[in-house]
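Geometric and topological summary
Here are the chains, one letter per residue:
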Amino acid sequence: MMMKILLATLLIYALSLVLTAVGSRLAGRCTTWCCALLGLPMWVVGGTVTPLCLALPQLVLAFLAAGMSVTALAVGTALAGAVTNLGLALAVCLLSRRRYAVADRDELCRKAVLLLAACGVLAVFVRDGELSYTGTGLLMGLFVLFVLTSIVFQHRFTYGETIEVLSTSEETPRRRLDAQRYGYTAHTMAFPVMSVWNALKNLAGVLGGLALLFSGARALVYSATTLANLTGTIQALWAATLISLGFCIPLLVEALDHPLGSVWKRFSIRCRYYPPDSLPVQLLNSAILNLTLALPLSSLMYRHRLPVGAQFRSYEVPVCAAMALVLLLPPLCKHKLKRWQGGACLVLYILYLAAVLLLPLAGA
């Protein structure tokens, strides 16, 4: 009987991942189209909507889990999601030879510093096992700073100001990135024609995508809780493995240039809401939002000081800070982006995963 329940739970988990992946991509794409139909400049959309859409699965699941008082899943989804995005998807981006990773040096350094600052806030303000209200406020302040810096960069790039290019290519990179590939194609998106039908269709896409996303995230909370109860393990273990890995699969496929399935490739290309070459920075943005938005939202939804278990304080926060340093130091000191940075992040992620599986920590 227990085996049947376990298999049914795993089936629900797999279906939930499909719903969250499809729902988040659909909602993200239709949201950017709605912004275009409203005539919003793409440097505003690129600095606000796009990063939020990429982090949407973790944000929604953490929000729902905190509202259901499943705080271990809420915190684990945010922190383990950040570690997995950096240690797996971003590492593959940097290591891949199918497509060179490209980034603006100043933007990459700013975002790495923001991520490091968020880790520092967590290290200081969760020492007693709970995220204090001061820590929550500081994280929200870092989120505001993140949005402002993203908008400023998109504005500078869109209007052709000089930026310094970093690439994993051995060739000497160009001083300027190709706006048709890296940046957003124009000051506003041109592809949706202004009409009542387009407006209604994209609005329906936003609502339908969010409905799929919330349904999948809610089912993921139940399935992860059930798996923890059936196996006698801590919920943080499932947040660090099945949930974070599941959310990372679409990003990993994107980083690998879609070798894993033509159906998802066609869907993701049709629903892409960020330029392919900007994926490395978008992954870094997602990790920042997990810490500076998902955790404060979870704290507000929980209505009390958010418990942060020993595993998160001992594993996720230090590993995330170490990855931020790996990403920051070479561009900051030598003005270079190297493949070994991806290898270092991947090694840190493997060590983190081994520690979580072999030496799980629970309690305060």
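Look up: the structure comes first, before these words.
Residues numbered from 1 in each chain as written. Predicted model: local features only at pLDDT ≥ 70, side-chain atom pairs only at ≥ 80, totals over all residues. Heavy atoms only, no water.

1. Comments concerning the packing of helix 5 (residues 71–95) against helix 13 (residues 339–358)
Test applied: Orientation is described by axes fitted as lines to C-alpha atoms, over the contacting stretch for helices, and by angles from 0 to 180 degrees between their N-to-C directions. Numbering of helices and strands runs from the N terminus, with a helix taken as a DSSP run of H or I at least four residues long and a strand as a DSSP run of E at least two residues long. Put simply, a crossing is left-handed when the front helix is turned counterclockwise from the back one by less than a right angle, and right-handed when it is turned clockwise. The contact criterion used throughout is that any non-hydrogen atoms of two residues lie within 4.5 Å. Think of it as three bins: nonpolar holds Ala, Val, Leu, Ile, Met, Phe, Trp, Tyr, Cys and Pro, charged holds Asp, Glu, Lys and Arg, and polar takes everything else, Gly as well.
Direction vectors running N to C along helix 5 and helix 13 enclose 145°, while the axes themselves pass 8 Å from each other. Seen along the crossing, helix 5 lies across helix 13 with a hand that is left-handed. The segment helix 5 lies against helix 13, with Ala80, Val83, Thr84, Leu86, Gly87, Leu88, Ala91, Leu94 and Leu95 engaging Arg339, Gln341, Gly342, Gly343, Cys345, Leu346, Tyr349 and Tyr352. A breakdown of the residues in the contact of helix 5 with helix 13 according to their chemical character gives 11 nonpolar, five polar and one charged.

2. Describing the nonpolar core
Taken as a class, soluble globular proteins show a tendency for nonpolar side chains to be buried jointly. Cut-off, in case you're wondering: For this analysis, a nonpolar core means a set of buried residues of the types Ala, Val, Leu, Ile, Met, Phe, Trp, Tyr and Cys, connected via side-chain atoms within 4.5 Å. For every residue, the accessible area obtained with a 1.4 Å probe (protein chains only) is divided by the maximum for its type, and the residue is called buried under 20%, exposed over 50%, and partly exposed between those limits.
Counting 102 residues, the largest nonpolar core has Leu86, Leu115, Leu122, Leu291 and Tyr352 as the members making the most contacts within it. Considering every element that reaches this core, the biggest residue donor is helix 5, with 16 residues. Those residues in contact with Leu86 that lie beyond four places of it in its chain are Ala91, Leu115, Leu283, Leu284, Ala287, Cys320, Met323, Leu327 and Cys345.

3. As for a nonpolar patch on the surface
Convention followed: Residues enter patches when they are more than 30% accessible in relative terms and free of salt bridges; like-charged ones are connected within 9 Å and nonpolar ones (Val, Leu, Ile, Met, Phe, Trp, Tyr) within 5 Å. Accessible surface area values rest on a Shrake-Rupley calculation with a 1.4 Å probe, where residue burial reflects the displayed protein chains alone. The salt bridge definition used is simple: a Lys or Arg side-chain nitrogen within 4 Å of an Asp or Glu carboxyl oxygen.
A cluster of nonpolar side chains, contributed by Phe63, Met140, Phe214, Leu297 and Leu300, occupies part of the molecular surface with about 410 Å² of accessible area. A relative accessible area of 31% places Phe63 in the partly exposed class.

4. Some remarks on the layout of surface pockets
Counted only if it meets this: A 1.4 Å probe that fits but cannot get out identifies a cavity on a 1 Å grid over protein atoms alone, an open set with protein on both sides within 12 Å along at least five of seven lines counts as a pocket, and a residue lines either if it has an atom within 4 Å of a point. Grid points are joined across faces, edges and corners, and a volume is the space filled by probe spheres set on the points.
Reported here for the largest pocket is a volume of approximately 330 Å³. For the lining of the largest pocket, the element with the highest residue contribution is helix 1 (residues 2–37), accounting for seven residues. Residues of the lining of the largest pocket, tallied by class, amount to 14 nonpolar, six polar and one charged.

5. Quick word on the side chain of Ser96
Of note, Ser96 is situated in the loop between helix 5 and strand 1 (102–104). Excluding residues within four positions of it along the chain, Ser96 makes contact with Ala255 and Arg339.

6. Some words on the environment of Leu256
Its location among the elements puts Leu256 in the loop between helix 9 (235–255) and helix 10 (262–270). On a C-alpha basis, the gap between Leu256 and Val92 in space is 7.1 Å, while along the polypeptide they are 164 residues apart. Discounting residues that sit within four places of it in the chain, Leu256 has contacts with Val92 and Arg98.

7. Digging into helix 12 (residues 310–334)
To keep it simple, the criterion reads: The length a helix should cover is 1.5 Å for every residue beyond the first. Throughout, bend refers to the angle between the axes fitted to the seven residues that end at a position and the seven residues that start at it.
Along its 25 residues, helix 12 runs 36 Å from first to last C-alpha, staying within 8% of the 36 Å computed at 1.5 Å per residue. At Leu328, helix 12 is deflected by roughly 30°, the largest bend along its length, and proline Pro330 occurs up to four residues later in sequence. One or two steps after helix 12, the chain reaches His335, where phi turns positive at roughly 55°.

Function cannot be read off these values alone, since they describe shape.
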